[in-house]
Structure formats: C-alpha cells, structure tokens
Amino acid sequence: MHIVVCVKQVPDSAQIRVHPVTNTIMRQGVPTIINPYDLFALEEALRLRDKFGGEVTVLTMGPPMAEDSLRKAMTFGADRAVLLTDRFFAGSDTLATSFALAEALKKIGTDFGEPSIVFTGKQTIDGDTAQVGPGIAKRLKLNQLTYVAKISDLDPDRETITVERRAEGGIQVLETRLPVLVTMLEGSNEIRRGSLEDALRAAKADVVKWSAADAGIEDLTKCGLRGSPTIVKKIFSPDPRSEKAHPIDTTDLSMDDIAQALMDELFQRQPELEGEFLRFAATQFGQEVGHG
Amino acid sequence: MAEAPKAKPAAGRAGTKKELPDHFKAYKHVWVAIECEHGAVHPVSFELLCEGRKLADKRGVELAGVVMGGSEDAIAEAVAQTFEYGADVVYTVVDPVLTHYRNEPYTKAMTDLVNTYQPEILLLGATNLGRDLAGSVATTLLTGLTADCTELAIDDEGSLAATRPTFGGSLLCTIFTLNYRPQMATVRPRVMSMPERQEGKRGKVISHPLGMGEDDVVTKVLQFVADRETDKAQLPYADIVVAGGLGLRSAENFQLVKNLAAVLGAEYGGSRPLVQKGWISADRQIGQTGKTIRPKLYIAAGISGAIQHRVGVEGADLIVAINTDANAPIMDFANLAIIADAVQVLPALTEAFRKHLSVNRMAG
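Residues numbered from 1 in each chain as written. Chains lettered and ligands numbered in written order. Predicted model: local features only at pLDDT ≥ 70, side-chain atom pairs only at ≥ 80, totals over all residues. Heavy atoms only, no water.

(A) Looking closely at the overall build of chain B. The helix and strand tally for chain B stands at eight helices and 18 strands. Its C-alpha radius of gyration of 23 Å places chain B within 12% of the 21 Å reference for a compact globule of 364 residues. Over its C-alpha atoms, taken along the principal directions, chain B stretches across nearly 70 × 55 × 40 Å. Looking at chain B as a whole, 61% of its 364 residues are labelled buried. Here the analysis covers contacts within chain B between residues at least 6 apart in sequence; of these, 68% occur between residues at least 24 apart. Counting every atom, chain B has about 14,000 Å² of accessible surface; 49% of that belongs to carbon and sulfur. Averaging the coordinates of the 37 positive side-chain charges in chain B and doing the same for the 42 negative ones gives two points 5 Å apart. (Helix = DSSP H or I, 4+ residues; strand = E, 2+ residues; numbered from the N terminus. Rg over C-alpha atoms; globule rule 2.2 N^0.38 Å. Buried < 20%, exposed > 50% of the residue type's maximum accessible area, 1.4 Å probe, protein only. Contact = heavy atoms within 4.5 Å. Areas by Shrake-Rupley, 256 points an atom, 1.4 Å probe, with all protein chains shown as cover. Lys, Arg positive; Asp, Glu negative; His and termini not counted. Charge placed at Lys NZ, Arg CZ, Asp CG, Glu CD.)

(B) Main features of the sheet that holds strand β8 (residues 117-121) of chain A. A sheet is described by the order of its strands in space; here 10 strands give the open sequence β13(A)-β7(A)-β6(A)-β1(A)-β8(A)-β12(A)-β9(A)-β10(A)-β11(A)-β13(B), paired in mixed fashion. Of all strands in the sheet, those bounded by a partner on one side alone are β13 (208-210) of chain A together with β13 (220-226) of chain B. Going across the sheet, the axis of each strand differs from the next one's by a mean of 30°, ignoring polarity. By the bridge criterion, three bridges tie strand β7 (residues 80-84) of chain A to β13 of chain A in an arrangement that is parallel. Bridged to L83 of chain A within β13 of chain A is K209 of chain A. Relative to the sheet, helix α1 (residues 36-52) of chain A contacts β1 (2-6), β6 (55-61), β8, β9 (143-155) and β12 (180-184) of chain A, its axis offset from that of β8 of chain A by approximately 150°. (Pairing = 2+ DSSP bridges. Axes fitted to C-alpha atoms, helices over the stretch in contact; angles between N-to-C directions.)

(C) A look at the packing of aromatic side chains. Residues and elements named next belong to chain B. For the structure on display, the rule yields 11 aromatic pairs over all chains. Pairing F24 with Y180 gives two aromatic rings, centres 6.2 Å apart and planes at 55°, and the pair type is tilted. Of this pair, F24 sits in the segment before β1 (30-34) while Y180 is found in the loop between β10 (171-177) and β11 (183-187), placing the two residues 156 residues apart along the sequence. Of the residues examined, F24 reaches a relative accessible area of 10% and is grouped as buried. (Phe/Tyr/Trp six-rings, centres within 6.5 Å; stacked < 30°, edge-to-face > 60°.)

(D) Region of the structure containing the interface of chain B and chain A. Facing the 104 residues of chain B at the interface are 93 residues of chain A. In total, about 8,600 Å² of surface goes out of reach between chain B and chain A, with carbon and sulfur atoms giving 61% of it. Here chain B is connected to chain A by two salt bridges. Where E276 of chain A meets K296 of chain B, a salt bridge forms, and the shortest distance between an N and an O atom there is 2.9 Å. (Buried area = accessible area lost by both parts, 1.4 Å probe. Salt bridge = Lys/Arg side-chain N within 4 Å of Asp/Glu carboxyl O.)

Purely spatial values, then, with no claim about function.
Right, here's the structure in full:
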C-alpha cells in the first residue's frame, strides 16, 4: 500500500514580517518546523504502513529550504520525500496550492505507485484555513474524510476504510472506498521517536525535487499568484482601542480587598451579573439538598 | 491552456487589478448556507444571516438562505427560522440522501444551486461541516474562498472585503475575490452577533432537486454517536468564561481557574500555549485557532493577550484582565485590569464571590 502525507513547513514563531511593497510574508530568518497538525497525519500513515506494509511518501510544496522538513519527516520513518519547488508557485492561495499538490500527486502515482490514502493535517498553524485537503480530494476525485479522530478499520483487499469523524455535536462513523483523502485530527496519536537507522537514512537520502515542469504542470496560469482567485490587498496590525483597560487601584490593599474591589466594580458595571450568579448559586444549593 | 504562458512568475501586486469577466456579472444576491443537522440549526447560521443582511442591504440585493435535508418535515423549522432571522428567500434541496451530512451529495447540491441561481456572495459557518463543504464547493467552482473571517464588508467598488487573522493571528489581512464568483467566505461561530428574530416573517421558497441517488454516494454513515452534554465544553455560547494563561506558571495552578468557574457557574478555558503544554484539552482553547467566545463576562487570568487570543474574545461584553504586566497586549482590549499575580488573585476572588453569593442567597 502506498500512502502519501502532505506536510507544510511553517514558521515556528509569531515573529512574522510583511514585505512593505508586495504585501507578502517575509519568511527569511524565522525558524521553521513541520506544521504540528501534520505530524498526526504522518504518524497515522506510518502506523498503517507498519501494519499493512508498503511505503509512505511525504510531499510538500515550498521554497528549497522546505527540504529540511522533508528530511525531518524521514527521520520519523517516511520512506520517500518529494519537494515541489518553483518560483511559479510563489503567492499561491488555497485553490492554487491544491492544484499544484494534486498535479504532484498524479505524478507520484505514476512514478511510485497510486496512493491508496493521501493524508493531510486538519489545518496549518500559519494559514489555518483547513481548505487545501478538501481541495486536493475534489481535484483528484478522492473520497473525502475530514477531521478524522480514529481509523477504526482498513481493508486493503476490499478497498474499504471506516473512520470516526469529529462532527458537530458528535462522532460520525463513516465507511467509504479507497482511494481517500484523510485529514487527521489533533491528539489522535503521538508522533514516534525516530530510530537511529531512520536518522542516518534521512541524512543521506535523496529528496526528489520537482519544478512545475517536472511535476507535469503545463498550465502555469493555474499556479502561484496568477492562479489564485483570492487577492490579499492589505496586511495590517489591529488598531489598539482608544482607551486602555481601567486598572483597579490596588495600592496598599490586601488580596481580599482587591478581590472585593473587583467584585464591586463588576456588579456596578453589569448589575445583572449578580442575579445570574445568585440564580446559579441557588441551583447548586438545591443540588446539595437533593443529594442529602 | 492553448496560450503558452509567459515564462515569468507573477510577482509583486500582480493580479490586484483583476476585472470581473462578463459571464460573472449576472451573479447577484447574498447567500448563507444554513447548517442543520439532527433537526436543529447551528446558531452560526443565524449569525451569518445577521452579517449577510448588512452585506445584502449595502449591495441592494436579496439575502437568501440555503437549507438542505432529508425530508420536508426535517427542514420545515429550519426554513421558518431562516426567514425569521432575516432571509428574503430560501433555497431548499430535499432528498433522503441528504439526511446526514456527507461531503459528496452536499457539495453537489450546493454547487448545482450556485450554478443555477448564481449568487455573488456565499457565506458558510467555519464549523467542521462548513469547512468540509466550503473547500469542496470552492474547488469545484474554481472560485476564491477566505476562511475564518472576523470581519466582512463591501468596499467602494461593491466587492466583498473579507478580513481574517493571518500567520498565527499576529496580523490581520483583507482578502478579495475580484474575478470569480461567488465570493466565498467562512466565519467561525460567535464571531458575528445574533440578529433579532422576527416571529412569523416568511418569504419565497425555491426548491431544487438533488439529482443524485443513494447508489451514487460512495460514503456511508454507519452511526452517529452524540456527545454527552456533560462532557462537552460549551465555551462558544457560555455567558461567563474564566480562562488562564502561562501567567499561572504551572498545570496545578490551573485548578484556581476551575475553582472560580465552579463558583460562578462559568465555563473555563485557556490560551493556546496551555494546550500545547498539555495543561488543558484542545476543546478548551480560546482564540483564533480554538473557540471564539462572546460571554457577558470574561475573566482572563495570566493571559498576555496575543492577537490570536484577542480575536477569539473581542465579542465579550466585559473583559477583566488579571496580569502582573501593566503593558501586556491584553490591556489594549480588556475593560478592567488588576495588575497583580493571578495565582494570588484567583483564590481571593473565588472566596469573595463564594461569601457574597452564599450570604445573599440566605438573605433571599
């Protein structure tokens, strides 16, 4: 079984700067990591491979330095890494990103075997959109399973998969046919510590590097800024409110007095809060009595 | 595809002057996808109707709700509520295949409706269902989608200006879809306010067939296991919320937050670093990547207030910050501040409330 995990290299800190002219993000100098949500997808893929055999390929689109994240993924045990990198991809929004990744996945299928499962994390920590996974699924006509908390059954012979999906207000148990796209929920597993052999292998391995042309992309108008229907017109810091928080004077007050002062101030500003608290206190009182 | 693209990547502000092609100019009206599963409408849909109403009025067009479900009976209440919360028109797609949410048939229903009736704006809740559906619909239609918006507006040229936090919530950006339609956006629950309900208001219902049978749908719902009410963190809709941050210094001290919450009948939560440290579960995270809240009272103990947190709590009526740092960013959006150590203030505050409430309860 061939499993592909799409990962993204993301900035590790909030110290992001914006280019004053192009309004694009300046990533230089900011430490990077594998998007933490993607590690749940990677671990799930490795577990399935360990159980059923086969290979795990990690795929990312990004600048040349995104190779670091791919090597890191290999230290956890991924068998192969593909880096999709080309200046034509710069400025891609979710639609252009899902296009490029879908094209690369087609090429991966041709070169290394059709994947039965394509994994992504549920979202990234820098874009937070959760839209690229569904975009890939739609483009490749993969059955889509998002927010998967658990893969409860996989039958490679019957080509079926059963998962528990986090829905609003409950868990949906879904069964569908392979090939599928799965976005894994956080907390569904814990990324393994890579073995020494994997670390050595990762250090020496050749990362497959594809340009747009290498990936078989002919229509460059679907890539990057040009292929992105959304346009970022403005990036800005939010305005501070005109007035700062009103500090409660704590000079020479004991903690108890400070607490009293805050409570008084709260009830003065929002008198209905007191009634609300009292009603709640009454229900608690009722329960105490009820429980004897 | 026939045209050989110039061998030069787009750079700078390329594309910001995009024109709307003629075939999209007929696209008109603002739509809201009404999320209704298991008989009840998700409140985020009403919040979107409130926001959609403003956009539609600014554009001088109609506001429509889209209701999909398994039977006329199942959606009757949702259709009525969609009118009462502001829609002029309701589009319905009713088919047993739509009884439970599944990506395939819901994507088909929505994209068919869009292609047939051509809205200029389509809004969805940024719930698990809305995000699952929005990405598929936008990709099928090859249009732009801006996720998790915190502000929607119409600019001078009549385009949707969708503002959202970006890069972990450290900055805000305003995003446009200028040369595709519909302009799609998702908004998280509790980011927008609830509209007034106009009892008995009704309007035109337009039904559209699904055009797909159960045999055409590959994915099957085997079971739905509802969450037990008691296990769920009800943060987004709680009236009182107490939350802690790294200023609490240890996982043990987080108990102080829970103690105060217990006395006030409040929900409790925390900032993102607390989830990363494993002090609280992910469903109790408050902020852009966690839950957005709109309580009457929000007490933030030892939370510095990064923008990612700020956008999750700005809708609160009254924000109290307890922090040793008088210059922490939270002071820019809190209403009241106690400049002191939260680890000391919380127990004192818990005790003060406990005494006050028990005395007044007896008196009452």
